[in-house]
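Structural overview
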Amino acid sequence: MGIKNDIKNSDIAKILHKIGFLVEIYESDHSNATFKARSYKRASDVIASLSSNIYEIYMKDGLDGLLQIPSVGKAIASKIEEFITTGKIHYFEKLKSKTSVNIDEFYNLEGIGISPKTIKVLHNNLGIKDLSELQNALLEGRLRNIPGFTRRKEETILKKIQLFKKGIGRYLLGDVYPLVKQIESRLSNIDGVTKAIAAGSFRRMKETIGDIDYIVSSDNPEKVMDYFVTMPEVEEILGKGQSKTFVRLNNGMDADLLVVPEESFGSALQYFTGSKEHGVAMRKIALAKHLHLNEWGVFDNYQNRIAGSTEEQVYQVLDLDWIPPEIRENAGEIELAIKGINGLPKLIQYDNLKGDLQVHSNSTDGTVSIEEMALTAKDKFGLEYIALTDHTKSLKLTKGLDEKQLLDQANRIEEINDKIRYGQEYTQQHIRNEQGSEASIQGNFRVLSAAEANIMKDGSLDISNNILDKLDLVGAAIHSSFTQPIEVQTERLVKAAQNPSVDIIFHPTGRLINKREGYCVNIGKLVEAAKDTDTVLEIDSYYDRLDLKDEYVRMAIQNNVRLVIDSDAHHPVHFAFLKFGIAQARRGWAEKSDVLNTLPVDTLLESLK
Ligand SMILES: [Zn+2]
């Protein structure tokens, strides 16, 4: 048996998802096809977010181990086994051979809401096999002749495809973050390596990442590069030089490695962190000082290196303060960094948040109980409070809460808060008795009663104010009727901001990166309304939202509008997304004082309108 030992959960998740996709296209005459397709997709989702490695589960416990995974039944478990042991799934190959449709292209389109059924109809009627054929048919207006398709639907699909294509080759920061960091730490641990940092747009924490540049300082480049090309994630070696190596990883992303001597580490890091515009402006400043700046250092006219080992040094010899990577865009930061001006913003720090004001539980579409969310927030992420913002009744898909359920939930939250208090005293006592030491459970924790109230088409909310006012805080958000004209959409949000019960507007523009442009909204008017009504705007940290985006963050701050940074967690691991929201805030020049959930809970509640 040729067992592949580098099989990752994501490989298995992908192939199961493709099977579900093909089942939906080609077995749709069977009565249980939809059910079957859905079970493949559900298993795929579970496996994609599983923290333990499936390959290891299988090696340890075999088929029985696989059957312990939620949503994995016998049929799917045996296909996973087949994939691990042979590298193939016969059933998948069989389904694939039935069609000339390019499954790899179309499977991706499902992520932007173009369903297998649509693709089947288009294949049967117009013979469309791949993305470019679909695009041509759309441009020629051929889809509107098919029943169920209109000119408007054509335009929507075309727009979605364009957006999707724009995103090809760009990876969402949150999708690649764990892997990039893992490789970074492995490189740091190689003997003789003094520093290893992932530079580029990753270090600037951009929303999407093209490729990765690792900068490593070592006097033994050969050793580092040998390790780099043999990493289990490497699919292909694209090039190898004396200090530089290029590889393609098995997720499709290119990764470059540059190994430099210690005296050049800072300049290389500065050079490869970018942005391009920031680098150009820096080199201009160097030239004006009769200096030369490149990845190897800052040099004077006699080729003497006068800086290079640290970034701070590089900025220093150009008479600049060190500039945080997130704002290196040549968008005014360089002028403010000139020595003596002290003009750079004191950006919010990654450990400044004390609470999280958008958290969901299994009362609606979250995955675990309020208690479990609270416990994780406190113990694993060091937060002092969370607001439980389950969806409200008009969002039927999520089983949104009605008035009575909201009040019941608020009562339960009070009980939970009592329990937390009691539990802490108990634990503290316990630790003292056992160990006789002064160990104590740190601080208090509080769950706030709240809601993510749904903004209706006319800007009203689906829950009355007298109920909302009984909660600790209220966020409001749009989840439907995305295609209203800009005036209507803006008015909806302005009206929500004017509602005296609404404290925060959640994910204000509704975008999903690479999937959906936000709804059309006059952001200037929303910012103005937020300012006039003392309403807070949210930066949603969920990494496909990052909504507000950086330029709107900056606009909000310039207008003295207050912000919060929330995880929008639907699962305990999602609290880890907060760092992406903080990065977004930093890229929008936000300081700690601009962000309300850096405050302790009592002060926060006093500051809300
Ligand atoms: Zn929402």
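Residues numbered from 1 in each chain as written. Predicted model: local features only at pLDDT ≥ 70, side-chain atom pairs only at ≥ 80, totals over all residues. Heavy atoms only, no water.

1. Things to note about the overall build of the protein
Convention followed: Only runs of H or I of at least four residues qualify as helices and only runs of E of at least two qualify as strands under DSSP, and these elements are numbered from the N terminus. Both definitions apply: the radius of gyration is a C-alpha atom measure, and the globule rule equals 2.2 Å times residues to the power 0.38. Only protein chains enter the accessibility calculation, which uses a 1.4 Å probe; a residue whose area is less than 20% of its type maximum is buried, one above 50% is exposed, and one in between is partly exposed. The contact definition used throughout considers only heavy atoms, calling two residues in contact when any of these lie within 4.5 Å. Accessibility throughout is a Shrake-Rupley quantity obtained with a 1.4 Å probe, and a residue counts as covered only by protein chains that appear here. Under the convention used here, Asp and Glu are negative, Lys and Arg are positive, and both His and the chain ends fall outside the count. Where a charge lies is defined by one atom per residue type, namely NZ (Lys), CZ (Arg), CG (Asp) and CD (Glu).
A count of helices and strands for the protein gives 24 helices and 17 strands. Taken against the 2.2 N^0.38 rule, which gives 25 Å for 609 residues, the C-alpha radius of gyration of the protein at 27 Å falls within 12% of a compact globule. If one aligns the C-alpha atoms of the protein with their principal axes, the spans along those axes are about 80 × 65 × 60 Å. Counting every position in the protein, which comprises 609 residues, the buried fraction comes to 52%. Once local pairs closer than 6 in sequence are excluded, the contacts in the protein between residues at least 24 apart make up 68%. Accessible surface, the protein as shown: approximately 28,100 Å² in total, 49% of it carbon and sulfur. Between the averaged position of the 76 positive side-chain charges in the protein and that of its 88 negative side-chain charges there is a distance of 5 Å.

2. Digging into helix α8 (residues 131–139)
Applicable threshold: Think of it as the arc spanned by the lines of direction from the helix axis to the C-beta atoms.
For α8, every residue scored as buried is listed here: L131, L134, Q135, A137 and L138. Burial along α8 is one-sided: seen end-on, the buried residues are contained in an arc of 160 degrees. Looking at the packing, one finds that the buried side of α8 touches α6 (103–109), α7 (116–126) and α9 (151–167). Once α8 finishes, G141 follows within two positions and takes phi at roughly 70 degrees, a positive value.

3. Some thoughts on the pattern of salt bridges
Quick note on the threshold: Counted as salt bridges are all cases of a side-chain nitrogen of Lys or Arg within 4 Å of a carboxyl oxygen of Asp or Glu.
Tallied over the entire structure, the rule returns 32 salt bridges. Taking the shortest distance from any N to any O, the salt bridge between E329 and R204 comes out at 3.3 Å. Highlighted residues: E329 in the loop between α15 (311–317) and α16 (333–337) and R204 in the loop between α11 (200–203) and β3 (208–209), separated in sequence by 125 residues. On the basis of relative accessible area, E329 is assigned to the partly exposed category, the value being 25%. Looking at R204, the relative accessible area reads 9%, which means it is buried. Here E326 ties to R586 by a salt bridge, and the two come within 2.7 Å at their closest N and O atoms.

4. Describing the coordination of the zinc ion
Note the following rule: Any nitrogen, oxygen or sulfur atom within 2.8 Å of a metal ion counts as a donor, with the limit raised to 3.2 Å for Na, K and Ca, and since water is left out, coordination shells can look unfinished.
Within the protein, E452 (OE), H479 (NE2) and H507 (NE2) serve as the donor atoms for the zinc ion, at 1.9 to 2.2 Å. As a motif over one chain, the donors of the zinc ion read E-x26-H-x27-H. On the criterion of sequence distance, the pair formed by E452 in strand β13 (residues 446–454) and H507 in the loop between β15 (504–505) and α21 (523–533) is long-range, its members being 55 residues apart. Relative accessible area serves as the criterion here: at 1%, E452 is assigned to the buried category.

5. Overview of the sheet that holds strand β16 (residues 536–540)
Filter applied, for reference: Any two strands are treated as partners once DSSP identifies two or more bridges connecting them. Working convention: axes come from line fits to C-alpha atoms, limited for helices to the stretch in contact. Angles between N-to-C directions cover 0 to 180 degrees.
Read from one edge to the other, the open sheet built from seven strands follows the order β11-β12-β13-β14-β15-β16-β17, with strand pairing classed as parallel. One side of each edge strand has no neighbouring strand; the edge strands of this open sheet are β11 (355–359) and β17 (563–566). Sheet topology places β11 next to strand β12 (residues 385–388); three bridges connect them, and they run parallel. When the bridges of β12 are listed, G355 appears paired with Y385. Lying on the sheet, helix α17 (residues 370–379) is in contact with β11, β12 and β13; it crosses β12 at an angle near 150 degrees.

6. Some remarks on the environment of V180
Summarising the element assignment, V180 is placed in helix α10 (residues 173–188). When the C-alpha positions of V180 and Y214 are compared, they lie 9.2 Å apart, and in sequence the two are 34 residues distant.

7. Here's the deal with the packing of aromatic side chains
Operational definition: When two rings of Phe, Tyr or Trp (its six-membered ring) have centres within 6.5 Å they constitute a pair, described as stacked for plane angles under 30 degrees, edge-to-face for angles over 60, and tilted for the intermediate range.
Applying the stated criterion across every chain yields a total of twelve aromatic pairs. Where F482 meets Y519, the ring centres are 5.7 Å apart and the plane angle is 25 degrees; that geometry is what we call stacked. With F482 in the loop between β14 (473–477) and α20 (486–498) and Y519 in the loop between β15 and α21, this pair connects stretches of sequence that are 37 residues apart. A relative accessible area of 27% places F482 in the partly exposed class.

8. Overview of the pairing of strand β6 (residues 244–249)
Here β6 shows one buried face, formed by T245, V247 and L249, and one open face, formed by K244, F246 and R248. Sheet topology places β6 next to strand β7 (residues 254–260); five bridges connect them, and they run antiparallel. Residue pairing across strands places R248 opposite D254, the latter belonging to β7. Following β6, the chain reverses through four residues before pairing antiparallel with β7; G252 in that reversal takes a positive phi of roughly 95 degrees.

9. Observations regarding the packing of α10 against helix α12 (residues 221–229)
This is how it is decided: In this scheme, a crossing is called left-handed if the near helix is turned counterclockwise away from the far one by less than a right angle; it is called right-handed if the turn is clockwise. Three classes are used: nonpolar for Ala, Val, Leu, Ile, Met, Phe, Trp, Tyr, Cys and Pro, charged for Asp, Glu, Lys and Arg, and polar for all others, with Gly counted as polar.
Where α10 contacts α12, the axes come no closer than 11 Å and their chain directions differ by 145 degrees. Read as a crossing pair, α10 and α12 show a hand that is right-handed. Packed against α10, whose contacting residues are I183, R186 and L187, the element α12 presents V224, Y227 and F228 at the interface. Taken together, the residues of the contact of α10 with α12 break down into five nonpolar, no polar and one charged.

10. Comments concerning unusual backbone geometry
The peptide bond linking G274 to S275 adopts the cis configuration, its omega dihedral lying at -5 degrees. In this structure, L548 follows D547 across a cis peptide bond, with omega equal to 10 degrees. At M205, a residue that is not glycine, the phi angle is positive and equals roughly 55 degrees. Tracing the backbone through its elements, the reader meets M205 in the loop between α11 and β3. Judged by its relative accessible area of 8%, M205 falls in the buried class. The backbone phi angle of H290 is positive, close to 55 degrees, even though this residue is not glycine.

11. Here we look at the domain arrangement of the protein
Rules: Domain delimitation follows an automatic or database domain assignment. Accessible surface is computed with a 1.4 Å probe, and the buried area is the amount of it that two parts give up when combined, taken over both parts together. Here a polar contact is taken to be a pair of N or O atoms separated by no more than 3.5 Å, where protein atoms must pair a possible hydrogen donor with a possible acceptor and residues adjacent in sequence count only if both atoms sit in side chains.
With domains assigned, the protein is organised as domain 1 (9–167), domain 2 (170–260), domain 3 (278–344) and domain 4 (356–403 + 450–607). Relative placement of domain 2 and domain 4: their C-alpha centres are 35 Å apart. Contact with domain 4 buries surface across domain 2, with L172, M205 and E207 losing the most and accounting together for 55% of the total. The partner of R511 in a salt bridge is E207, with the nearest N and O atoms 2.6 Å apart. Where domain 2 packs against domain 4, one counts four residue pairs in polar contact (both at pLDDT 80 or more). With four residues, the single largest contributor to the side of domain 2 that touches domain 4 is α10.

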